[in-house]
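Here's the letter readout for the chains.
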Amino acid sequence: MNQLRVHALRSIPLGPGPVIYWMHRDFRAADNWGLTHARLQALHLGRPVAVVFCLAPSFLDSAQPHFEFLLRGLEETEGVLRAAGIPLFALHGEPGTEVGRFAHEHEAALVVTDFDPLRIKRRWVEDLQNACAAALHEVDSRNIVPARVASDRREFMARTIRPKIRRLLPEFLDEFPILPPHPHPWPGEIRPPDFSALKRSVRARTIPFPHTPVRPGEAAGLALAGEFLDTRLQGYDQRNDPNRDVCSNLSAHLHFGMVSAQRVVLLARDRNLRGDNVDSFLEELVIRRELSDNFCLHTPDYDAESGFPAWARESLHKHRKDPRPAIYAPGEFEAARTHDPLWNAAQTQMVRSGKMHGYLRMYWAKKILEWSPSAADAMRTAILLNDRYSLDGRDTNGYTGIAWSIGGVHDRGWTERPIFGKIRYMNYAGARRKFDVDRFIRSWTNDPNIPL
Ligand SMILES: Cc1cc2nc3c(=O)[nH]c(=O)nc-3n(C[C@H](O)[C@H](O)[C@H](O)COP(=O)(O)OP(=O)(O)OC[C@H]3O[C@@H](n4cnc5c(N)ncnc54)[C@H](O)[C@@H]3O)c2cc1C
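Residues numbered from 1 in each chain as written. Predicted model: local features only at pLDDT ≥ 70, side-chain atom pairs only at ≥ 80, totals over all residues. Heavy atoms only, no water.

## Notes on the overall build of the protein
Next up, step 1: Summing up its helical and strand segments, the protein has 19 helices and 6 strands in all.
Next up, step 2: Taken against the 2.2 N^0.38 rule, which gives 22 Å for 452 residues, the C-alpha radius of gyration of the protein at 22 Å falls within 12% of a compact globule.
Next up, step 3: Principal-axis analysis of the C-alpha atoms gives the protein an extent of 65 × 45 × 45 Å.
Next up, step 4: When each of the 452 residues of the protein is scored for burial, the buried share is 57%.
Next up, step 5: Of the contacts made within the protein by residues no fewer than 6 positions apart, 81% connect residues no fewer than 24 positions apart.
Next up, step 6: For the protein, the accessible area works out to roughly 19200 Å², and carbon and sulfur atoms hold 52% of it.
Next up, step 7: Across the protein, 60 positive and 55 negative side-chain charges occur, with their mean positions spaced 4 Å apart. (Helix = DSSP H or I, 4+ residues; strand = E, 2+ residues; numbered from the N terminus. Rg over C-alpha atoms; globule rule 2.2 N^0.38 Å. Buried < 20%, exposed > 50% of the residue type's maximum accessible area, 1.4 Å probe, protein only. Contact = heavy atoms within 4.5 Å. Areas by Shrake-Rupley, 256 points an atom, 1.4 Å probe, with all protein chains shown as cover. Lys, Arg positive; Asp, Glu negative; His and termini not counted. Charge placed at Lys NZ, Arg CZ, Asp CG, Glu CD.)

## Things to note about the site of the ligand
Next up, step 1: Lining the immediate surroundings of the ligand are 27 residues, of which Y236, S248, N249, K355 and N386 lie closest.
Next up, step 2: For the ligand, an oxygen atom lies 2.7 Å from a polar atom in the backbone of N249.
Next up, step 3: Its free accessible area being 820 Å², the ligand has 91% of it covered by the protein chains.
Next up, step 4: Going through the elements one at a time, α9 (251-255), α11 (276-298), α15 (358-370) and α17 (396-407) are the ones with two or more residues in the shell around the ligand. (Near = heavy atom within 4 Å. Polar contact = N/O pair within 3.5 Å; in protein donor to acceptor, adjacent residues only side chain to side chain.)

## A few points about the packing of aromatic side chains
Next up, step 1: Summed over all chains, the structure comprises 19 aromatic pairs.
Next up, step 2: Measuring from ring centre to ring centre gives 5.4 Å for F69 and F256, while their planes differ by 35°; the resulting arrangement is tilted. Of this pair, F69 sits in helix α2 (residues 64-83) while F256 sits in the loop between α9 and α10 (261-270), and the two are 187 residues apart along the sequence.
Next up, step 3: Relative accessible area serves as the criterion here: at 0%, F69 is assigned to the buried category. (Phe/Tyr/Trp six-rings, centres within 6.5 Å; stacked < 30°, edge-to-face > 60°.)

## Re the environment of R313
Next up, step 1: Mapped onto the elements, R313 comes out in helix α12 (residues 310-318).
Next up, step 2: On the basis of relative accessible area, R313 is assigned to the partly exposed category, the value being 35%.
Next up, step 3: Between the C-alpha atoms of R313 and N277, which are 36 residues apart in sequence, the distance is 35 Å.
Next up, step 4: Apart from the residues within four sequence positions on either side, R313 is in contact with E305, S306 and F308.
Next up, step 5: In terms of polar contacts, R313 uses its side chain to reach the backbone carbonyl oxygen of F308, at 2.6 Å.

## So, the nonpolar core
Nonpolar side chains in soluble globular proteins generally cluster together in the buried interior.
Next up, step 1: Counting 138 residues, the largest nonpolar core has F308, L342, W364 and I406 as the members making the most contacts within it.
Next up, step 2: Here this core takes 8 residues from α11, the largest share from any one element.
Next up, step 3: Filtering out sequence-adjacent residues up to four positions away, I406 remains in contact with F308, L316, A365, L369, A375, A378, M379, A382 and I423. (Core = buried A, V, L, I, M, F, W, Y, C linked by side-chain atoms within 4.5 Å.)

## With respect to the domain arrangement of the protein
Reports of interface size often rely on the accessible area that becomes lost once the parts have come together.
Next up, step 1: For the protein, the domain assignment lists domain 1 (3-141), domain 2 (143-176 + 217-298) and domain 3 (305-443).
Next up, step 2: For domain 1 and domain 3, the distance between their C-alpha centres works out to 36 Å.
Next up, step 3: Of the residues lining the interface, 11 residues belong to domain 1; the matching set on domain 3 comes to 9 residues.
Next up, step 4: For the domain 1 face of the interface with domain 3, the top three residues by lost area are D61, H66 and L118, together amounting to 60%.
Next up, step 5: Here domain 1 and domain 3 share 0 salt bridges between them.
Next up, step 6: For the pair domain 1 and domain 3, the interface holds 3 residue pairs in polar contact (both at pLDDT 80 or more). (Domains from an automatic or database assignment. Buried area = accessible area lost by both parts, 1.4 Å probe. Salt bridge = Lys/Arg side-chain N within 4 Å of Asp/Glu carboxyl O.)

## Here's the deal with unusual backbone geometry
Next up, step 1: One non-glycine residue, E107, adopts positive backbone phi at about 50°.
Next up, step 2: Here E107 lies in the loop between α3 (95-105) and β5 (110-114).
Next up, step 3: With a phi close to 60°, N272 is a non-glycine residue in the positive phi region.
Next up, step 4: Position of N272 among the secondary structure elements: in the loop between α10 and α11.
Next up, step 5: Residue classification places N272 among the exposed residues on the basis of a relative accessible area of 51%.

## Considering the sheet that holds strand β4 (residues 88-92)
Next up, step 1: Pairing is mixed in the open sheet, where 6 strands are placed in the order β1-β6-β5-β2-β3-β4. The open sheet has two edge strands with one neighbour each: β1 (6-10) and β4. Strand-to-strand twist of the sheet, defined as the mean angle between neighbouring strand axes without regard to direction, takes the value 25°.
Next up, step 2: Of the pairings in the sheet, the one linking β5 to strand β6 (residues 135-139) comprises 5 bridges and is parallel in character. (Pairing = 2+ DSSP bridges. Axes fitted to C-alpha atoms, helices over the stretch in contact; angles between N-to-C directions.)

## Notes on α10
Next up, step 1: A large share of α10 lies buried, amounting to 8 of its 10 residues.
Next up, step 2: Inspection of α10 places A261, Q262, R263, V264, V265, L266, L267 and A268 among the buried residues, and these make up the whole buried set.
Next up, step 3: Against α1 (33-45), α6 (158-172), α8 (218-230), α9 and α11 lie the buried residues of α10.
Next up, step 4: With a side-chain oxygen lying 3.1 Å from the backbone nitrogen of Q262, the N-terminal cap of α10 falls on S260.

## Thoughts on the confidence of the model for the protein
Next up, step 1: When the pLDDT values of the protein are averaged, the result is 96; 98% of them are 70 or greater.
Next up, step 2: Contacts of residues 447-452 to residues separated by more than four positions or lying in other chains number 8 contacts, the stretch itself having pLDDT below 50. (pLDDT = per-residue confidence, 0-100.)

## Quick look at the pattern of salt bridges
Next up, step 1: Counted according to the given criterion, the structure contains 31 salt bridges.
Next up, step 2: Residues D293 and R25 are paired through a salt bridge, measuring 2.9 Å at the closest nitrogen-oxygen approach. Residue D293 is located in helix α11, and its partner R25 is located in the loop between β2 (19-22) and α1; the two are separated by 268 residues in the primary sequence.
Next up, step 3: Looking at R25, the relative accessible area reads 8%, which means it is buried.
Next up, step 4: With a closest N to O distance of 2.9 Å, K121 and D116 form a salt bridge.
Next up, step 5: With a relative accessible area of 10%, D116 lands in the buried category.
Next up, step 6: Salt bridges sharing partners connect three or more residues here, namely R25, D116, K121, R142, D293 and D395.

Pasting the structure below:
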């Protein structure tokens, strides 16, 4: 395994106990570099290895169905790990502190954990460091080229990170090693997690479980990836038409780490797929996705107006007092009660299916800017709704996509206009030119009398 994937957060002589892998972003047994590193270290030391997961009492604006999706997938992962001789322990409480306590009690030789640039995760890892003195390694299993290796600065746009990632891809796009069942058994009692109790203990906001076409878990995610590559990828050039089902729909699995993006690229390579559709898909899956982690890694205020580039902040500031055609409160946005039937249908799609079409996400966020008192308010509303309703929300892709739409992140300045300043503008007439807007509205609203 390429050791550049491993970032030592604390290097000290290794303790006498087992190796522990704390899973908090990459929820999968297969194709997981963090788990692979933990297993290889345990094999080398002749020690047992365990996976630890901790259910936090809340996580950003996650709602009940997001925890359920995660726990249903994790139940499958636990079975795969068990068959490989690796127990999974489920803890409860403040994750960093609880995992630290577990590692301390078991005199862990080494704790391995996932890389995640979100502020809440950085705090969890700090809590872990305060709660236990073991050696600590962070492994980037989310990106093919580890974010810390790809670039040591905030990249300006896709054009600037693309050559860096392309140059490093041959080095990092390698196959995952196949390891034998772990030969050193866990010494103490193993109490398998009670997933029903875990689900019951979640205290998040209740929203209806979305009518999602995707099922949680590693097997379902891999099946979805294969089905997409074999069939729908052929129509990927139609991806900006929200009426067509040509996108991968992999974002929920990728967000929860149930599928590795690297595995999806390897699957495409094994199939010897070539052409514009494959290139466009890999641009999204690799370049845009890894750019999002770069943005959040190097922008601590990735979810605020202060994280926008200077030209965008200045331009939005200049237009802050421009009259708005309408101003809506967050609750009105949430209830899809705006004057724009397309916006309402997009919001309804997100609430009912747990996913809004990618093209409409841009329109949706830009209209929130247009109909909010300020860009800061627009950021808060868009992030709240995206995180609360999207299965793939609470993700670096979400914060970056919203900052792109509202704050010009990774974009350039466009012709100046009211409210938006130099931020790229989108409107209803433009959407009508791109796709059958009426058909989309009909699909997501049951009211045939909605004014168009
Ligand atoms: C306002 C806004 C909010 C967004 N919120 C999220 C979010 O919460 N979570 C999320 O995963 N993506 C988000 N995106 C990015 C993108 O819209 C979704 O990843 C995509 O719609 C997911 O559908 P898919 O898996 O079928 O995409 P596909 O087109 O099949 O793409 C495959 C994968 O590539 C990645 N990808 C695609 N487009 C982008 C992009 N623009 N930036 C970064 N990665 C991309 C995703 O991981 C996606 O699953 C957001 C974009 C915008 C403009």
